[in-house]
Amino acid sequence: MRERDDPEVIGRRVQRLRTQRGLTQRQLAEPAYTPAYISTLEAGRVRASDEALRHIADRLGVAFEELAVGRPAHLATDLRLRLTEAQRVLADGRAEEAAAQYAVLRAEAEAHGLGCEQADALLGLGECALETGHLTEAREYFERAEEQMAGKALPVRVPAVRGRAVAHYLAGELRYAVYLLESTLDELNRGGLHDPDALLLLYASVIGPYMDMGAHARAAQAAEFALALAPRAGDPALIARMHRSVARTLLAEGRVAEADVSLAKAAELYRQLRLRTELANCHWMRGYVCAQNGRLDRAEAELRQAHTMLSASRAALYRSQAAVELADVLHRRGKSGEAAELLEGVLGDFSSERGAVHAAAAHRLLGIIAEDTRDTEAAEEHYVRALSLLERAGAAGDLADLCRLLGDLLRRTGRVEAALDAYRTGLGHRTAPGTTTLGPAPAQPPL
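These figures come from a predicted structure and were not determined experimentally.

Caption draft 1: Inspection of the overall build of the protein chain at higher detail. Broken down by element type, the protein chain carries 22 helices and zero strands. Counting only residues that meet the buried cut, the protein chain has 51% of its 447 residues in that class. Here the contacts in the protein chain between residues at least 6 apart in sequence split such that 64% fall between residues at least 24 apart. Taken as a whole, the protein chain presents about 20,100 Å² of accessible surface, with 50% of it coming from carbon and sulfur.

Caption draft 2: Seen up close, helix 18 (residues 336-346). Within the sequence span of helix 18, burial applies to Ala339, Ala340, Leu343 and Val346. Down the axis of helix 18, the buried set is contained in an arc of 135°. They therefore lie on one face. Seen from the open side of helix 18, the exposed residues pointing more than 90 degrees away from its buried face are Gly337, Glu341 and Gly345.

Caption draft 3: Quick peek at helix 12 (residues 196-213). Taking 1.5 Å of rise per residue, the 18 residues of helix 12 would be expected to cover 26 Å, and the 26 Å separating its terminal C-alpha atoms lies within 8% of that figure. The largest bend in helix 12 amounts to roughly 30° and is located at Ile207, with the proline Pro209 lying one to four residues further along. When you tally the buried positions in helix 12, you get 16 out of 18 residues, the bulk of the element. Two residues or fewer after helix 12 comes Gly214, characterised by a positive phi angle close to 85°.

Caption draft 4: Inspection of the nonpolar core at higher detail. By size, the foremost hydrophobic cluster in this structure holds 114 residues, and its most contacted members are Tyr102, Leu130, Leu170, Tyr203, Ile207, Met285 and Tyr383. Leaving out residues up to four positions away in the same chain, Met285 has contacts with Ile207, Met211, His216, Ala219, Ala220 and Ala223. In this structure, Ile10, Leu53, Leu60 and Val62 belong to the second largest nonpolar core, which totals 18 residues.

Caption draft 5: Examining the packing of helix 8 (residues 115-132) against helix 10 (residues 154-170) more closely. Viewed as axis vectors pointing N to C, helix 8 and helix 10 meet at an angle of 20°, and their least axial separation amounts to 10 Å. The pairing of helix 8 with helix 10 is recorded here as roughly parallel in orientation. The chirality of how helix 8 crosses helix 10 is left-handed. Taking contact as the criterion, the partners of Leu123, Glu127 and Leu130 in helix 8 are, on helix 10, Pro159, Ala160, Arg162, Gly163, Val166, Ala167 and Leu170.

Caption draft 6: The arrangement of unusual backbone geometry in detail. Each neighbour pair has its own omega, and for Glu30 with Pro31 the value is 0°, a cis peptide bond. Looking at the element boundaries, Pro31 is found in the loop between helix 2 (25-29) and helix 3 (35-42).

Caption draft 7: Examining the packing of helix 18 against helix 19 (residues 356-372) more closely. Here helix 18 crosses helix 19 at 145°, and the two axes come no closer than 10 Å. You can see that helix 18 and helix 19 cross each other, and the crossing is left-handed. Contacts between helix 18 and helix 19 involve Ser336, Ala339, Ala340, Leu343 and Glu344 on the former and, on the latter, Ala362, Leu365, Leu366 and Ile369. When grouped by side-chain class, the residues that make up the contact of helix 18 with helix 19 number seven nonpolar, one polar and one charged.

Caption draft 8: Representation of the packing of aromatic side chains. Per the stated rule, a full pass over the model turns up three aromatic pairs. Taking the ring centre of Phe64 as reference, the NZ or CZ of Arg54 above it sits at 4.0 Å.

Caption draft 9: Local environment of the side chain of Glu182. You can see Glu182 is positioned in helix 11 (residues 174-190). What makes Glu182 buried here is its relative accessible area of 10%. Side-chain polar atoms of Glu182 contact the side chain of Arg218, separated by 2.6 Å.

Caption draft 10: Representation of a negative patch on the surface in the model. Taken together, Glu137, Glu140, Glu143 and Glu147 make up a surface patch of like negative charges. Looking at where Glu140 falls in the secondary structure, it is placed in helix 9 (residues 135-148).

Caption draft 11: Here's a closer look at the environment of Gly126. Locating Gly126 in the fold gives a position in helix 8. A residue is classified by how much of its surface remains accessible, and Gly126, at 0% relative accessible area, is buried. In the structure, Gly126 is positioned 14 residues away from Glu140 in sequence and 7.7 Å away in space, judged by C-alpha atoms. Leave out the neighbours within four places in its chain, and Gly126 touches Ala138, Tyr141 and Phe142.

Caption draft 12: Highlighting the pattern of salt bridges. Scanning the model with the defined rule gives 24 salt bridges in all. Arg424 is the partner of Asp421 in a salt bridge, and the nearest nitrogen-oxygen pair spans 3.0 Å. Taken as a pair, Asp421 and Arg424 lie in helix 22 (residues 416-428) at a separation of three residues, close to a single helical turn. You can call Asp421 partly exposed: its relative accessible area is 45%. Salt bridges here are not isolated pairs; linked through shared partners, they connect Glu300, Arg304, Arg333, Lys335 and Glu338.

Caption draft 13: Representation of the environment of Val178 within the structure. Positionally, Val178 belongs in helix 11. Using a relative accessible area of 0% as the deciding quantity, one classes Val178 as buried. Each C-alpha atom of the pair Val178 and Val206 lies 6.4 Å from the other, and the pair is 28 residues apart in sequence.

Caption draft 14: Representation of the confidence of the model for the protein chain in the model. Looking at the protein chain as a whole, the pLDDT averages 81, with 82% of positions reaching at least 70. Ranking the elements of the protein chain by mean pLDDT puts helix 14 (residues 236-252) last with 57 and helix 9 first with 94. Confidence drops under a pLDDT of 50 for residues 431-437, and excluding neighbours within four residues, the segment shows twelve contacts in the predicted structure.

Reading the values: rules and limits
- Residues numbered from 1 in each chain as written.
- Predicted model: local features only at pLDDT ≥ 70, side-chain atom pairs only at ≥ 80, totals over all residues.
- Heavy atoms only, no water.
- Helix = DSSP H or I, 4+ residues; strand = E, 2+ residues; numbered from the N terminus.
- Buried < 20%, exposed > 50% of the residue type's maximum accessible area, 1.4 Å probe, protein only.
- Contact = heavy atoms within 4.5 Å.
- Areas by Shrake-Rupley, 256 points an atom, 1.4 Å probe, with all protein chains shown as cover.
- Arc of directions from axis to C-beta.
- Expected span 1.5 Å × (residues − 1).
- Bend = angle between axes of the 7 residues up to and from the residue.
- Core = buried A, V, L, I, M, F, W, Y, C linked by side-chain atoms within 4.5 Å.
- Axes fitted to C-alpha atoms, helices over the stretch in contact; angles between N-to-C directions.
- Parallel < 35°, antiparallel > 145°, perpendicular 65-115°, else oblique.
- Left-handed = near helix turned anticlockwise from the far one by under 90°.
- Nonpolar A, V, L, I, M, F, W, Y, C, P; charged D, E, K, R; others polar.
- Phe/Tyr/Trp six-rings, centres within 6.5 Å; stacked < 30°, edge-to-face > 60°.
- Lys NZ or Arg CZ within 6 Å of the ring centre and 35° of its normal.
- Polar contact = N/O pair within 3.5 Å; in protein donor to acceptor, adjacent residues only side chain to side chain.
- Patch = residues over 30% accessible without salt bridge, like charges linked within 9 Å, V, L, I, M, F, W, Y side chains within 5 Å.
- Salt bridge = Lys/Arg side-chain N within 4 Å of Asp/Glu carboxyl O.
- Lys, Arg positive; Asp, Glu negative; His and termini not counted.
- Charge placed at Lys NZ, Arg CZ, Asp CG, Glu CD.
- pLDDT = per-residue confidence, 0-100.

This is the structure:
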């Protein structure tokens, strides 16, 4: 609980409540205190002990906190109920509506000194900002949530760390995103803090950065860990709705502790619904592995599933990333027309600050498709755009491959010196397949 209000504020509060209930100072004081003591307290000339305030609160029929800090009875539970409603709205894909709800809840929690609820509202605002692509705002919200949870156990802080890492990743800052996720995983596993939900969130989130950095072996391992840890609920949305209804009933009956339990269950299930986005990435990873092994039909099926899951959750940026991977497999299966249509439809979702690596991949593939139709001018334009995006993001493996494609195109069109420059640029970024300049992999979970 926050620090008690000043004696003057508490005194005025006691007097107001006593007057509203039609009690005299004597009736409020007896049998433990005197009317003179109540008079002095109401005038703000004495700092009442906790014991005295509890006596007065009992006589007034209010909670101790309402007298001490002006917090209405059951406010924290009411805020948690409304937080689960905001989570439901976000899980439905209505990020802007959810953000408005979270902003109101954050202000109320801050006004009444409810730190946990304030942190949850900040996390919600961060997730909304990720969903709408406002990455700088998202990072700031997650940082504030982390500050609010300082001193809490690491598993409690994991959603804020993960959110911050995802914001950096989507902004093209791959190495820092991986550093945040890996160091947290290592701390959890080596410290014996084997929280399945926290581990699932981290392993599912690190797959994308691994892939973009060329660390394919680590990405595949993280995907398998995430799928092994994934919670199994028949219909999380239905069960969460049931828990929210139960909580409302219990709260109306004054059974606050039981209502809190139901709300905690509902909040967890809505969090699992948000994990659909992360689990979709695992299907994307399986599709990638199948494509690498030449099993293109299975790869297409896995990537279509990932794309469908992300479309259902209305996660526009993630859906667009999955579309790029799916388009690559479609092109390799001879469906270049469908691939190009899919890529043209998602390019508007990307920018140099938002999904830069996948934007580059889309331009790279459109360049290849243009080369297939002998449109060398369009191909070169797509390759150059991709090169600019990859240089900013530091995606070494993709950059080396792109420089080779651009160099080959320039050489075929008679521009030998320009081709040599492109090849030299690629050689400067060359890495062995499946490797990265990252340090040792984080400790493994006890599956």
